[in-house]
Amino acid sequence: MTKNILLKISGLQFSADNNDPNEPEPVEIIAPGEYYFKNGKHYIMYDEFMEGFDSVTKNVLKLKEDSLEITKRGSSNVHMVFEKDKKNMTCYTTPFGSLMMGIDAHSISIQETEGEIHAEIEYALDVNYEHLADCTIQLHVQSKEQGDFSL
């Protein structure tokens, strides 16, 4: 994998608060970023811009065989840890206030090739100690030089 990458993060959030609780809400981010591998972990860095805010949020993903860590610093701040069969609590600070989040990952699947990484995480999300949704995150990381990035 090269230093310059393209990252696609997509997910589905199933929530009882939707108009139709059986209809998931899709979420997707596509961004250029940087990649490196150190001490058995994949590091992915990218910037995120929130609509209506001038500041940028710096994101670092740390991926290894059995866990994913997401650190955001900027207009939103959080350190989320996804570990299989373990519930982790964190405080998510946003421009609108802070939330206590619980993340309980049920499965973490990672496939690697020379120029790509695919990962899928299924987890339950609690906000302020109440179950909010069952969620899925899919990561697709590939070298920019590959040139056949698909949406």
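Caption draft 1: Representation of unusual backbone geometry within the structure. In this structure, asparagine 39 takes a positive phi of about 50° despite not being glycine. Mapped onto the elements of the fold, asparagine 39 is located in the loop between strand S2 (25-38) and strand S3 (41-49). For tyrosine 129, which is not glycine, the phi torsion reads 70° and is therefore positive. In this structure, tyrosine 129 sits in the loop between strand S9 (116-127) and strand S10 (130-143). For tyrosine 129, a relative accessible area of 63% corresponds to the exposed category.

Caption draft 2: Fine view of the packing of aromatic side chains. Counted under the stated rule, the structure contains 2 aromatic pairs. On the numbers, 4.8 Å between centres and 10° between planes, the contact of tyrosine 36 with tyrosine 43 is stacked. A relative accessible area of 14% places tyrosine 43 in the buried class. Their ring planes at 80° and their centres at 5.0 Å tell us that phenylalanine 82 and tyrosine 123 sit as a pair that is edge-to-face. Taken together, the residues span a long stretch of sequence, with phenylalanine 82 in strand S6 (residues 78-83) and tyrosine 123 in strand S9 at a distance of 41 residues. Here the two residues phenylalanine 82 and tyrosine 123 agree in accessibility, since each one is buried.

Caption draft 3: Looking closely at the pattern of salt bridges. Scanning the model with the defined rule gives 7 salt bridges in all. Close ionic contact of glutamate 83 with lysine 86 constitutes a salt bridge, the shortest N to O distance being 3.5 Å. In this structure, aspartate 126 engages lysine 87 in a salt bridge whose closest nitrogen and oxygen atoms are separated by 2.3 Å. Of the two residues, aspartate 126 sits in strand S9 while lysine 87 sits in strand S7 (residues 87-94), which places them 39 residues apart along the sequence. Relative accessible area serves as the criterion here: at 11%, aspartate 126 is assigned to the buried category.

Caption draft 4: Looking closely at the pairing of S9. By the criterion of burial, S9 is predominantly enclosed, with 9 of the 12 residues buried. For strand S8 (residues 97-112) and S9, the ladder comprises 11 bridges, and the chain directions are antiparallel. Residue pairing in the sheet places alanine 105 in a bridge with tyrosine 123 of S9. Linking two consecutive strands that pair antiparallel, namely S8 and S9, is a turn of 3 residues. In terms of strand pairing, S9 meets S10 through 12 bridges, oriented antiparallel. Bridge pairing in S10 links alanine 124 to aspartate 134. In this antiparallel pair of consecutive strands, S9 and S10, the connection spans 2 residues, and asparagine 128 shows a positive phi of 50°.

Caption draft 5: Examining the layout of surface pockets more closely. Of the pockets and cavities examined, the largest pocket occupies roughly 860 Å³. Val27, Lys72, Met80, Tyr92 and Tyr123 are, among the 32 residues lining the largest pocket, the residues nearest its centre. Taken together, the residues that form the lining of the largest pocket break down as 22 nonpolar, 7 polar and 3 charged.

Procedures and definitions
- Residues numbered from 1 in each chain as written.
- Predicted model: local features only at pLDDT ≥ 70, side-chain atom pairs only at ≥ 80, totals over all residues.
- Heavy atoms only, no water.
- Helix = DSSP H or I, 4+ residues; strand = E, 2+ residues; numbered from the N terminus.
- Buried < 20%, exposed > 50% of the residue type's maximum accessible area, 1.4 Å probe, protein only.
- Phe/Tyr/Trp six-rings, centres within 6.5 Å; stacked < 30°, edge-to-face > 60°.
- Salt bridge = Lys/Arg side-chain N within 4 Å of Asp/Glu carboxyl O.
- Pairing = 2+ DSSP bridges.
- 1 Å grid on protein atoms, 1.4 Å probe; cavity = no way out; pocket = protein on both sides within 12 Å on 5 of 7 lines; lining within 4 Å.
- Points joined across faces, edges and corners; volume = space filled by probe spheres on them.
- Nonpolar A, V, L, I, M, F, W, Y, C, P; charged D, E, K, R; others polar.

So far we have only geometry, and geometry alone does not tell us how the molecule works.
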